[in-house]
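# Summary of the model geometry
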Amino acid sequence: MDKKISVVIVGVRDMDRAVDFYRSVLGLRLKFRTPEYSEFRTASIILALEKRREKILPTGPSFTFPTKSIHRDREKLLRAGVKFWRDLQEQPFGKVLMARDTEGNVFEIVQYEK
């Protein structure tokens, strides 16, 4: 796992309202948008909006660590007793693993496809 954060994710309840705020009020440039997930370009990282349901609260950010070996990282986290909110999944952009820290906060590890 790289020791840099590449994406900060903010949970939202209303994607239309949130996209309008970040684009119109804050002036961020929209990279792409879906009903469930949208991304904005910033000077250094991606700011993402994710529609939240289930057990994660719609408030508060999470973050993403990129990796070149998600299977190795998953095994290391399992050995350390880390709990997963969502185990390893294939997505159109790559492989994603959503883990919880000691306080229950969710963070992602992503192996992006080339």
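Look up: the structure comes first, before these words.
Quick summary incoming for the structure in this document. (Residues numbered from 1 in each chain as written. Predicted model: local features only at pLDDT ≥ 70, side-chain atom pairs only at ≥ 80, totals over all residues. Heavy atoms only, no water.)

## A short note on the sheet that holds strand S6 (residues 84-91)
Taken together, the eight strands give an open sheet; going across it, the order is S2-S3-S4-S1-S5-S8-S7-S6, and neighbouring strands pair in mixed fashion. This sheet does not close on itself; its edge strands, each paired only once, are strand S2 (29-33) and S6. The sheet shows a mean angle of 20° between the axes of neighbouring strands, direction not considered. Pairing analysis gives seven bridges linking strand S7 (residues 94-100) to strand S8 (residues 106-112), with the strands arranged antiparallel. Each residue of the ladder has a partner; that of Gly94, found in S8, is Tyr112. With respect to the sheet, helix H1 (residues 15-25) is in contact with strand S1 (7-12), S2, strand S3 (37-41) and strand S4 (46-51), its orientation differing from that of S4 by roughly 160°. (Pairing = 2+ DSSP bridges. Helix = DSSP H or I, 4+ residues; strand = E, 2+ residues; numbered from the N terminus. Axes fitted to C-alpha atoms, helices over the stretch in contact; angles between N-to-C directions. Contact = heavy atoms within 4.5 Å.)

## Quick look at a nonpolar patch on the surface
Together, Phe21, Val25 and Leu26 line one region of the surface with nonpolar side chains, adding up to about 280 Å² of accessible area. Position of Phe21 relative to the elements: it lies in helix H1. Given a relative accessible area of 39%, Phe21 falls into the partly exposed group. (Patch = residues over 30% accessible without salt bridge, like charges linked within 9 Å, V, L, I, M, F, W, Y side chains within 5 Å. Areas by Shrake-Rupley, 256 points an atom, 1.4 Å probe, with all protein chains shown as cover. Salt bridge = Lys/Arg side-chain N within 4 Å of Asp/Glu carboxyl O. Buried < 20%, exposed > 50% of the residue type's maximum accessible area, 1.4 Å probe, protein only.)

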